[in-house]
Amino acid sequence: MKKALLIAEDISELSELRAVAAELDAVEVEAMGPEDLQNTPALERFGLTRLYTSTSWSEDPAESLGKMLAELISGSGAELVLGVSRKRLKDVFARAAQILKSPLLTDCLSATWSDGELVVERPTLGGGYVENLVVKKFPTLLALQQRGRQISDLSGKAPEVVRLEGKFSGVRAPRLISSEAVSRSGVDLAKSRIIVSVGRGFKRKEDLKLAEELAKLLGGELACSRPIASDMGWMPEDRHVGLSGKWVSPSLYLAIGISGQVQHMVGVRNSRIIVAVNNDPSAPIHREADYSVVADLYEFIPALVRELKARSARPSG
Amino acid sequence: MPVIHVFVKQVPDVSTLEYDPSSLGPRLEKATLRLGEVDLVALEAAVRIKERMGGEVVVISAGERVNELVLREALAIGGDRCFYVSDPRMAQADSWVTANVLAQLSLRAGKADLLLCGEASSDQGNYQLGPRLSEILGYPCITYATQLELSGEKLRVRRNLEDKVETFECGLPAIVSASLELAAPRLPSLLMIRAASRKPITRLEISALGLSDAMLESGIVRRSVRVTKTSRKNQVLKGDTGECAVKLIESLQKEGVLAI
Ligand SMILES: Cc1cc2nc3c(=O)[nH]c(=O)nc-3n(C[C@H](O)[C@H](O)[C@H](O)COP(=O)(O)OP(=O)(O)OC[C@H]3O[C@@H](n4cnc5c(N)ncnc54)[C@H](O)[C@@H]3O)c2cc1C
Ligand SMILES: Nc1ncnc2c1ncn2[C@@H]1O[C@H](COP(=O)(O)O)[C@@H](O)[C@H]1O
């Protein structure tokens, strides 16, 4: 493969995407991102030939960014365009792909060359399955799941920095009326060893205290199913686990009041031990747990907390 | 009164889908077919607008082997008529082909003020139809909607991104892709199901859509699909609550996953 273009929001994304481009044997790599990317110390270690920066990247509507990106891709001659699979990026990538008559594959798990063909793995059928796709048309856009890959220093020159001017002001786009930052826990669940996760089995927000106390006793982090974050707003979005949220791999995942739909389970499959607490014996999560407790969480969790407290008070032996 | 086009996809029900233990592939031929989860959310949002403002809800679908009975569910929920394509070529369709086909189907179905789809299809989860339609048709598109209000010709939409909540306004025609949180889909009553059997369904041939070969050429080929199940111990802890708690703690200590 000749040339790759990386679309990065920040330095950690740039590092991860650069690692993937290296795995894909890209001969030349360019990157695009917000303006402060050019202030990254020791930019030469990324082995980029060119860095495009854009002041409007974070603000412009997807309608203009899609056009800008399509122009950049065809101008640069990149065959492979890589980004990290976030909501806004998927939107912009889909637009650029449509303009370029190109494929876009989202939430990719991996991309490799095999016998001269680009093979991509991504989740499908709700996340219970992985599909292998062969890409036939280039340029191709890939939105990759963030995995925390990092480049080791590549030798090279500092990239030429090219400023992109936002010039697509004439497009028909929705008017942004307001934008509020949402609270984030800031915790990187992907790195947590013990996770206590809550679902719709909890009747009220106050009841989450039960799980909080348990998490504290176990030295774990709190997480949740999608409806707890998105529907109820009881927990920050960055705590929701599953297909459309975080993929985690703790040694212990304790799911309380979670039914275990495939879209949730795909995010926890790499846990070493899964414990389910659910009062419905037919809930699918019982089939995918190492230890199942068929009980009312309102009785079981306090009992578990009592027992843990009693043990930590007792000298071990 | 607004005319709303809603895009719904017939998909295998992933919550009951089984896999073949030897090939590890899904048993699609045995799967129950249904409409996509988020597509039903989009449809619900459309029907609520119709109930408030009048107008019409047109259901649009494309697939490799579409079953009209499944489409009738969308009409039972409140769709007024349906346009669809059923063609083996859709089996390999990528998002480029799907968007090209659905855009033309929508144009054939008549003028639309609002086009609604889901943020992601339940089977493939591409997250692409809304933005791609926007490029083809030239209408603005707001993705991942969690709230939607239409008053007169003005659309107001809220959406959740990973780190912020945004509110947009725009005029019509416009495209909106729905998040699961936009509306809770209703279950159709028996009366609605019966009424749906008389609503018109129009099947069009792909060849009637005026699409060039290039617009029907997929950029990807699906090689294989395999299940990602991991094997689990499946031990059920029974007894009174206190005993269960003790058993669980002891099991987890044996596994070496508890610091206590
Ligand atoms: C495109 C798409 C993407 C999605 N992405 C995600 C995702 O990333 N993450 C995610 O989680 N979901 C996702 N979903 C949603 C998913 O399909 C389920 O709807 C969701 O996971 C259900 O959450 P839940 O288990 O908390 O709620 P429910 O399914 O309502 O389950 C609640 C459970 O609690 C149990 N319960 C009730 N009361 C008690 C009690 N007193 N004690 C013990 N147990 C009790 C019930 O038996 C039930 O099993 C997605 C769906 C789609 C279509
Ligand atoms: N073949 C199809 N027929 C009808 N609607 C579709 C089809 N494919 C996708 N859609 C719609 O587009 C949304 C997003 O799908 P996707 O881009 O495949 O994730 C879905 O939720 C549906 O509303």
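For clarity, every value in this text was computed on a predicted model and none was experimentally measured.

Q: Looking at this model, I keep getting lost on the sheet that holds strand β2 (residues 28–34) of chain A. Mind explaining?
A: Note: strands within a sheet are paired through backbone hydrogen bonds, in either parallel or antiparallel orientation. Residues and elements named next belong to chain A. A sheet is described by the order of its strands in space; here seven strands give the open sequence β5-β9-β4-β1-β2-β3-β10, paired in parallel fashion. Two strands bound the open sheet, and with one partner strand each, they are β5 (104–108) and β10 (160–164). Between one strand and the next, the sheet's axes are offset by a mean angle of 20 degrees, whatever the strand orientation. Pairing of strand β4 (residues 80–84) with strand β9 (residues 140–144) involves five bridges; the strand directions are parallel. When the sheet's bridge partners are listed, V84 is paired in β9 with L144. Contacting β1 (3–7), β2, β4 and β9, helix α1 (residues 11–23) crosses the sheet at an angle of about 160 degrees to β1. Sheet strands touched by helix α3 (residues 87–100): β1, β4, β5 and β9. Its angle to β5, the strand with the most contacts, is close to 160 degrees.

Q: Hey, could you run me through the confidence of the model for chain B in this one?
A: Low pLDDT means the predicted coordinates in that region are not meant to be read closely. Residues with a pLDDT of 70 or more make up 100% of chain B, whose mean pLDDT is 96. In the model output, the complex is listed with pTM 0.95 alongside ipTM 0.96.

Q: In this structure, what is going on with the domain arrangement of chain B? I would like to understand it.
A: Where interface size is given, it is often the accessible area lost as the parts come together that is meant. According to the domain assignment, chain B consists of domain 1 (3–216) and domain 2 (230–260). Taking only C-alpha atoms, the centre of domain 1 of chain B and the centre of domain 2 of chain B are 44 Å apart.

Q: I tried to follow the interface of chain B and chain A on my own but got confused; where do I start?
A: Listed by partner, the interface residues are 90 residues for chain B and 85 residues for chain A. Taken together, both faces of the contact between chain B and chain A bury some 7600 Å²; the carbon and sulfur share is 53%. Taken together, the links from chain B to chain A amount to 13 salt bridges. Residues E131 of chain A and R222 of chain B are paired through a salt bridge, measuring 3.1 Å at the closest nitrogen-oxygen approach. One can count 54 residue pairs in polar contact (both at pLDDT 80 or more) joining chain B with chain A. For the side of chain B that touches chain A, the secondary-structure elements that each account for two or more residues are α3 (95–108), α4 (129–137), β7 (141–151), β8 (154–160), β9 (164–170), β12 (220–227), β13 (235–237) and α6 (241–255) of chain B. Among the elements that line the side of chain B that touches chain A, the one with the most residues is α6 of chain B, at eleven residues. Pairing analysis gives six bridges linking strand β11 (residues 175–181) of chain A to β9 of chain B, with the strands arranged antiparallel. Among the inter-strand pairings, S178 of chain A is bridged to a residue of β9 of chain B, identified as T167 of chain B.

Q: Looking at this model, I keep getting lost on the packing of aromatic side chains. Mind explaining?
A: Given two aromatic rings, their pairing is described by the distance between the two centres and the angle made by the two planes. The final tally for this structure, using the stated rule, is three aromatic pairs over all chains. Taking the ring centre of Y144 of chain B as reference, the NZ or CZ of K87 of chain A above it sits at 5.2 Å. Directly above the aromatic system of Y127 of chain B lies the positively charged group of K90 of chain A, at a separation of 3.7 Å from the ring centroid.

Q: What is the right way to look at the domain arrangement of chain A in this model?
A: All names here are of chain A. By the assigned domains, chain A splits into domain 1 (3–163) and domain 2 (189–313). Here domain 1 and domain 2 have C-alpha centroids that lie 34 Å from each other. With seven residues of domain 1 at the interface, the matching set in domain 2 holds six residues. When domain 1 packs against domain 2, the two sides together hide about 460 Å² of surface, and 62% of this comes from carbon and sulfur. A per-residue breakdown of the area domain 1 buries against domain 2 is headed by G126, G127 and Q145, which together make up 62% of the total. At the surface where domain 1 touches domain 2, the tally comes to zero salt bridges. Inspection of the region where domain 1 meets domain 2 yields zero residue pairs in polar contact (both at pLDDT 80 or more).

Q: Would you take a moment to explain the site of ligand 1 for this structure?
A: The environment of ligand 1 is made up of 29 residues, and the closest members are S225, V241, S244, S259 and Q263 of chain A. Near ligand 1, the surrounding residues are drawn from chains A and B. Contact between ligand 1 and L243 of chain A: an oxygen atom at 3.1 Å from a main-chain N or O atom of the residue. A distance of 2.8 Å separates an oxygen atom of ligand 1 from a polar atom in the side chain of H264 of chain A. Computed on the free molecule, ligand 1 has an accessible area of 990 Å², of which 87% lies beneath the protein chains in the complex. Among the elements of the structure, α5 (226–231), α6 (262–265) and α7 (297–313) of chain A are those that each provide at least two residues to the shell around ligand 1. Partitioning the shell around ligand 1 into residue classes produces nine nonpolar, 14 polar and six charged.

Q: Explanation requested: unusual backbone geometry in the structure shown.
A: Where the residue is not glycine, phi is negative for most of them; where a peptide bond is considered, it is trans in most cases. In this structure, the amide linkage connecting F138 of chain A to the following residue, P139 of chain A, adopts the cis form with an omega of 0 degrees. Positionally, P139 of chain A belongs in the loop between β8 (129–135) and β9. L172 of chain B connects to P173 of chain B through a cis peptide bond whose omega is -5 degrees. Among the structural elements, P173 of chain B can be located in the loop between β9 and β10 (174–178). Within the chain, D115 of chain A stands out as a residue other than glycine whose phi angle is a positive 50 degrees.

Q: Which parts of the structure should I look at to understand the nonpolar core?
A: Generally speaking, soluble globular proteins have nonpolar side chains that are buried together. Counting 41 residues, the largest nonpolar core has V6, L43, L116, L148, L155 and V176 of chain B as its most contacted members. When neighbours within four sequence positions are excluded, V6 of chain B is seen to be in contact with D39, A42, L43, A46, V57, V58, V59, I60 and L116 of chain B. Ranked by size, the runner-up nonpolar core spans 38 residues in total, among them A211, M235 and L308 of chain A together with V257 of chain B.

Q: Looking at this model, I keep getting lost on the sheet that holds β8 of chain A. Mind explaining?
A: Spatially, β6(A)-β7(A)-β8(A)-β12(B) is the arrangement adopted by the four strands of the open sheet, whose pairing is antiparallel. Edge strands, defined here as strands with exactly one partner in the open sheet, are β6 (110–114) of chain A together with β12 of chain B. Strand-to-strand, the axes of this sheet are offset by a mean angle of 25 degrees, without reference to chain direction. As paired elements, β6 of chain A and strand β7 (residues 117–124) of chain A share five bridges and run antiparallel to each other. Paired with A111 of chain A across the two strands is V120 of chain A, which belongs to β7 of chain A.

Q: Which parts of the structure should I look at to understand the site of ligand 2?
A: Residue and element names in this part refer to chain B. The full set close to ligand 2 counts 18 residues, and F7, D39, A62, S121 and Q128 are the nearest of them. A distance of 2.7 Å separates a nitrogen atom of ligand 2 from a polar backbone atom of A62. Here Y127 contributes a backbone N or O atom positioned 2.8 Å from an oxygen atom of ligand 2. Contact with the protein chains hides 98% of the accessible area of ligand 2, taken as 480 Å² for the molecule alone. Mapped by element, the contributors of at least two residues to the shell around ligand 2 are β4 (56–63), α3 and β6 (114–118). It is β4 that contributes the most residues to the shell around ligand 2, three residues altogether. In terms of residue class, the shell around ligand 2 is built from nine nonpolar, seven polar and two charged.

Thresholds, definitions, all that
Residues numbered from 1 in each chain as written. Chains lettered and ligands numbered in written order. Predicted model: local features only at pLDDT ≥ 70, side-chain atom pairs only at ≥ 80, totals over all residues. Heavy atoms only, no water. Pairing = 2+ DSSP bridges. Helix = DSSP H or I, 4+ residues; strand = E, 2+ residues; numbered from the N terminus. Axes fitted to C-alpha atoms, helices over the stretch in contact; angles between N-to-C directions. Contact = heavy atoms within 4.5 Å. pLDDT = per-residue confidence, 0-100. Domains from an automatic or database assignment. Buried area = accessible area lost by both parts, 1.4 Å probe. Salt bridge = Lys/Arg side-chain N within 4 Å of Asp/Glu carboxyl O. Polar contact = N/O pair within 3.5 Å; in protein donor to acceptor, adjacent residues only side chain to side chain. Phe/Tyr/Trp six-rings, centres within 6.5 Å; stacked < 30°, edge-to-face > 60°. Lys NZ or Arg CZ within 6 Å of the ring centre and 35° of its normal. Near = heavy atom within 4 Å. Areas by Shrake-Rupley, 256 points an atom, 1.4 Å probe, with all protein chains shown as cover. Nonpolar A, V, L, I, M, F, W, Y, C, P; charged D, E, K, R; others polar. Core = buried A, V, L, I, M, F, W, Y, C linked by side-chain atoms within 4.5 Å. Buried < 20%, exposed > 50% of the residue type's maximum accessible area, 1.4 Å probe, protein only.

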